[in-house]
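These are the residues of each chain, in order.
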Amino acid sequence: MPAPATSPAQAPANSRSRVLVASLIGTTIEFYDFYIYATAAVLVFPSLFFPNSDPTTALLSSFAVFGAAMVARPIGAVVFGHLGDRLGRKGTLVASLLTMGIATFLIGVLPTYEQAGWIATALLVLMRLAQGFALGGEWSGAALVATENAPKNKRALYGTFPQLGAPLGFIIGNGLFLIIGALLPSSAGADPSQPSEAFLAWGWRIPFLFSAVMVAIGLWVRMRLVEAPVFSKTREAGLVRKLPLATVVRSHWKQLVLGTFFMLATYVLFYLMTTFSLSYGRTAKDAAVPGLGYSYTTFVLMLIFGVLFFAAFTLISGPLADKYGRRSTLIWVTAAILVFGLVWVPLIGMGTLGVVLWLVLGFTLMGMTFGPMGALLPELFPTSVRYTGSGISYNVSSILGAAVAPFIAVALWEAADGSPWLVGVYLSSMALLTLVSLLIGKETKDIDLDEGEAPAGVGQESRDESAAVAP
């Protein structure tokens, strides 16, 4: 007798450890790649790729290239989201990780402006756009691997693991830069806040080249995944959408808008604490636009200390969001971010202790706001468009928040003659917008991902089966 067909319930399943490691390692690598660019954008790219400008203009130009990647991220979300919703999560995640890895490695072998003129700058922009394109598909896929394979009452906890990749990537990337800087110190009498000639000549390339090793490990882990039962059931039922983008825009536009604003304060806080703070902390107190005057090594160590709180509170936020709800947790955290933005000056004015406290509080709030997003955004959308919908919300918010945050922050810092008070007000303003969106939105923790329905009151999917196609 022929063997009976395998039912969805008998389909191979990913173990808990495989799910958590696969969702964590990919985002760790992706954020590592992103962070080493962010660090280089502050530390070496202004002089290597924009040498004909004054220091502030060169820094702003470097940040503009940094922000260009955010523009590419929604495009990546659409492309990888289409593939992920049509063909599956596994292959799409492998493709996004490979794209990011190749782009990052190539940055490590680029010529500088001195060697190739404007072509070097153009190639840097191109590779940066490729990084953004890849990250546009990475986050949502990793979040779906975690949440679609999670028990219903632990989705927020599982969803914190791809989020944990952000602080881990920061620690690995900046830690590697720190080690290289220590091995290639500035010569005696040189400005300790500036990298050495050897670092500028070749040392900065090492973290970019090292990404190839990390990508190889990530690919090995992800190739062992199988599709989550939630997606397999949707495919077997013939509910895969021919054009996920069209469906999500037509039937789930409210979720797209709300999801975008849910992430806004998170993104602004994220890049102010990691990118702007590095510029502000390293700039001399007697510079034209004064900063805090710390050496690079000292301030990066302070940043890494703060990021430890980012990691810890990312994990802590998961069980809280599972118990009290994503929306309730985020309302309180966003209100705290609003207040935090208003106390920057008194905190920083307390000296080194105050600066450390500023970093610890900022990164603690970062963990508390970033952690629940791994579950919240995927829960806004049904399975057939979940990759596309969550990816677009996450990455459109990157344009409104992260793409312009470092650029705006530097301009406000300069406008306030070196004081960060306007930067803090900017953060509080973005937190207010997020707070309003959370008050408008609905709770998602009790929805059933198998039902393929969005939370009540946020916009239900039309049951237009003409939009569905067989796989």
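For every chain, the first residue of the written sequence is number 1, and numbering continues from 1 onward in sequence order. For a predicted model such as this one, the threshold for reporting local features is a pLDDT of at least 70, and the threshold for listing and counting side-chain atom pairs is 80 or more; totals across whole chains, interfaces and linings nevertheless cover every residue. Side-chain descriptors were evaluated using all non-hydrogen atoms of the structure, hydrogens and water having been removed beforehand.

S.K.: Honestly, the overall build of the chain in this entry has me stumped. Any pointers?
M.R.: Only DSSP runs of H or I reaching four residues or more are called helices, and only runs of E reaching two or more are called strands; each is numbered from the N terminus. Looking only at helices and strands, the chain has 21 helices and 2 strands in total. C-alpha atoms define the radius of gyration, and 2.2 Å times the number of residues to the power 0.38 defines the globule rule. For a compact globule of 471 residues, the expected C-alpha radius of gyration is about 23 Å, and the chain comes in at 22 Å, within 12% of that figure. Over its C-alpha atoms, taken along the principal directions, the chain stretches across nearly 85 × 45 × 35 Å. Here the chain holds 471 residues, and the buried ones make up 58% of them. Burial status follows relative accessibility: with a 1.4 Å probe on protein chains alone, a residue under 20% of its type maximum counts as buried, one over 50% as exposed, and anything between as partly exposed.

S.K.: Before we go on, may I ask you to explain the nonpolar core in this structure?
M.R.: General note: in soluble globular proteins, nonpolar side chains tend to be found buried as a group. Ranked by size, the top nonpolar core spans 129 residues in total, and within it Phe45, Trp204, Phe299 and Trp358 carry the most contacts. When residues of this core are assigned to their parent elements, the largest contribution, 16 residues, is made by helix 1 (residues 16–43). In this description, contact between two residues means that some pair of their heavy atoms is separated by no more than 4.5 Å. When sequence neighbours within four positions are dropped, the list of residues in contact with tryptophan 358 reads Met273, Ser277, Tyr280, Phe299, Phe340, Trp344, Leu347 and Ile348. We define the nonpolar core as a collection of buried residues of types Ala, Val, Leu, Ile, Met, Phe, Trp, Tyr and Cys that are connected through side-chain atoms lying within 4.5 Å of one another.

S.K.: How do you make sense of helix 15 (residues 326–342) when you look at a structure like this?
M.R.: Think of an α-helix as turning once every 3.6 residues; residues three or four places apart then point the same way. The end-to-end C-alpha distance of helix 15 is 25 Å, a good match for the 24 Å that 17 residues give at a rise of 1.5 Å each. Residues Arg326, Thr329, Leu330, Ile331, Val333, Thr334, Ile337, Phe340 and Gly341 constitute the buried set of helix 15. Under the convention used throughout, the expected extent of a helix is 1.5 Å for every residue step, that is, one less than its residue count.

S.K.: Looking at this structure, how should I read the packing of helix 1 against helix 7 (residues 155–183)?
M.R.: Axes are the key here: two packed helices are described by the angle between their axes and the distance separating the axes. Each axis is a line fitted through C-alpha atoms, taken for helices only over the stretch in contact, and angles between the N-to-C directions span 0 to 180 degrees. Running from amino to carboxyl end, helix 1 crosses helix 7 at an angle of 40°, the nearest separation of the two axes being 6 Å. Regarding the angle of helix 1 to helix 7, the classification is oblique. Our pair here, helix 1 against helix 7, has a crossing hand that is right-handed. When residues are grouped by polarity, Ala, Val, Leu, Ile, Met, Phe, Trp, Tyr, Cys and Pro land in nonpolar, Asp, Glu, Lys and Arg in charged, and all others, Gly among them, in polar. Looking at the contact of helix 1 with helix 7 residue by residue, the classes come out as 18 nonpolar, 8 polar and 1 charged. Angular relationships are summarised with four words: roughly parallel below 35 degrees, roughly antiparallel beyond 145, roughly perpendicular across 65 to 115, and oblique for the angles in between. In this scheme the crossing of two helices becomes right-handed for a clockwise turn of the near helix relative to the far one and left-handed for an anticlockwise turn of less than a right angle.

S.K.: Before we go on, may I ask you to explain the packing of aromatic side chains in this structure?
M.R.: For any pair of aromatic rings, the description consists of the separation of the ring centres together with the inter-plane angle of the planes. To pair, rings of Phe, Tyr and Trp, with the six-membered ring standing in for Trp, must have centres within 6.5 Å; the planes then decide the type, stacked if under 30 degrees apart, edge-to-face if over 60, and tilted in the middle. Tallied over the full model, the rule gives 31 aromatic pairs. Ring plane angle 80° and centroid distance 5.8 Å describe the contact between tryptophan 204 and phenylalanine 208, whose orientation is recorded as edge-to-face. A single burial state applies to tryptophan 204 and to phenylalanine 208, both of which are buried. Here phenylalanine 305 and phenylalanine 309 contribute two aromatic rings whose centre-to-centre distance is 5.4 Å and whose plane-to-plane angle is 75°, an arrangement assigned as edge-to-face. Placement of the pair is phenylalanine 305 and phenylalanine 309 together in helix 14 (residues 296–324), with a separation of 4 residues, close to one helical turn. In this structure phenylalanine 305 comes out as partly exposed when scored by relative accessible area, which is 40%. The partly exposed category is assigned to phenylalanine 309, whose relative accessible area is 27%.

S.K.: Looking at this model, I keep getting lost on the confidence of the model for the chain. Mind explaining?
M.R.: For residues with low pLDDT, the predicted coordinates do not support detailed interpretation. Averaged over all residues, the pLDDT of the chain equals 85, while 91% of them reach at least 70. A residue's pLDDT is the predictor's confidence in that residue, given on a scale from 0 to 100. With pLDDT under 50 throughout, residues 1–11 is counted as low confidence; its partners more than four residues away or in other chains account for 4 contacts. In this model residues 452–471 is a low-confidence stretch, pLDDT under 50, and it forms 59 contacts with partners more than four residues away in sequence or in other chains.

S.K.: Would you mind going over helix 9 (residues 205–222) with me for this structure?
M.R.: A rise of 1.5 Å per residue sets the reference length of helix 9, with its 18 residues, at 26 Å; its end C-alpha atoms lie 27 Å apart and thus fit the reference within 8%. For helix 9, the set of buried residues is Arg205, Pro207, Phe208, Ser211, Met214, Val215, Gly218, Leu219, Val221 and Arg222.

S.K.: Please explain the side chain of asparagine 174 as it appears in this structure.
M.R.: Tracing the sequence through the fold places asparagine 174 in helix 7. In contact with asparagine 174, not counting residues within four places along its chain, are Thr39, Val300 and Ile304.

S.K.: Is there a simple way to think about the environment of proline 372 in this case?
M.R.: Structurally, proline 372 can be placed in the loop between helix 17 (352–370) and helix 18 (373–379). Classification of proline 372 by relative accessible area gives buried; the value is 0%. When sequence neighbours within four positions are dropped, the list of residues in contact with proline 372 reads Ser317, Ala321, Arg326, Leu330 and Gly367.

S.K.: Would you take a moment to explain unusual backbone geometry for this structure?
M.R.: Working note: non-glycine residues mostly have negative phi, and peptide bonds are mostly trans. The phi angle at aspartate 417 is positive, at roughly 60°, despite the residue not being glycine. The residue aspartate 417 is located in the loop between helix 20 (405–415) and helix 21 (421–440) in this model.

S.K.: Sorry if this is basic, but what is going on with the pattern of salt bridges here?
M.R.: Here the idea is simple: oppositely charged side chains can pair when their charged atoms come close. Criterion for a salt bridge: a side-chain nitrogen of Lys or Arg within 4 Å of a carboxyl oxygen of Asp or Glu. Applying the stated rule across the entire model yields 8 salt bridges. For the salt bridge of arginine 386 with glutamate 148, the shortest nitrogen-to-oxygen distance reads 2.9 Å. Taken as a pair, arginine 386 in helix 19 (residues 386–403) and glutamate 148 in helix 6 (residues 118–148) lie far apart in primary sequence, 238 residues in all. Glutamate 148 shares its class with arginine 386; the two are buried. Linking arginine 326 and glutamate 379 is a salt bridge whose minimum nitrogen-to-oxygen distance equals 2.6 Å.

S.K.: Even after reading the chapter, I still don't get the packing of helix 6 against helix 19, so can you show me in this structure?
M.R.: Running from N to C, helix 6 and helix 19 cross one another at 125°; their axes reach a closest spacing of 9 Å. As summarised for this structure, helix 6 and helix 19 are arranged oblique, according to the angle between their axes. In this structure, the crossing between helix 6 and helix 19 has a hand that is right-handed. Across from Leu135, Gly136, Gly137, Trp139, Ser140, Gly141, Leu144 and Glu148 in helix 6, the residues of helix 19 making contact are Arg386, Tyr387, Ser390, Gly391, Tyr394 and Asn395. Of the residues that constitute the contact of helix 6 with helix 19, the class distribution is 5 nonpolar, 7 polar and 2 charged.

S.K.: What am I meant to see in the side chain of threonine 329 here?
M.R.: Relative to the assigned elements, threonine 329 resides in helix 15. In this structure, threonine 329 is in contact with Leu320, Ala321 and Tyr324, ignoring residues within four places of it in sequence.

S.K.: Would you explain a nonpolar patch on the surface in this entry?
M.R.: The patches described consist of residues with a relative accessible area above 30% and no salt bridge, like charges being joined within 9 Å and nonpolar side chains (Val, Leu, Ile, Met, Phe, Trp, Tyr) within 5 Å. In this description, accessible areas are obtained by the Shrake-Rupley approach with a 1.4 Å probe, and a residue is regarded as covered only by the protein chains that are shown. Together, Leu98, Ile102, Phe105, Leu106, Val109 and Leu209 give the surface a local cluster of nonpolar side chains, amounting to about 470 Å² of exposed area. You can see valine 109 is positioned in the loop between helix 4 (89–107) and helix 5 (113–116).

S.K.: Explain the environment of leucine 176 here, please?
M.R.: Relative to the helices and strands, leucine 176 is located in helix 7. Considered as a pair, leucine 176 and isoleucine 206 are 30 residues apart in the sequence and their alpha carbons are 8.7 Å apart. Contacts of leucine 176, omitting those with residues within four sequence positions, involve Tyr32, Pro207 and Phe210.

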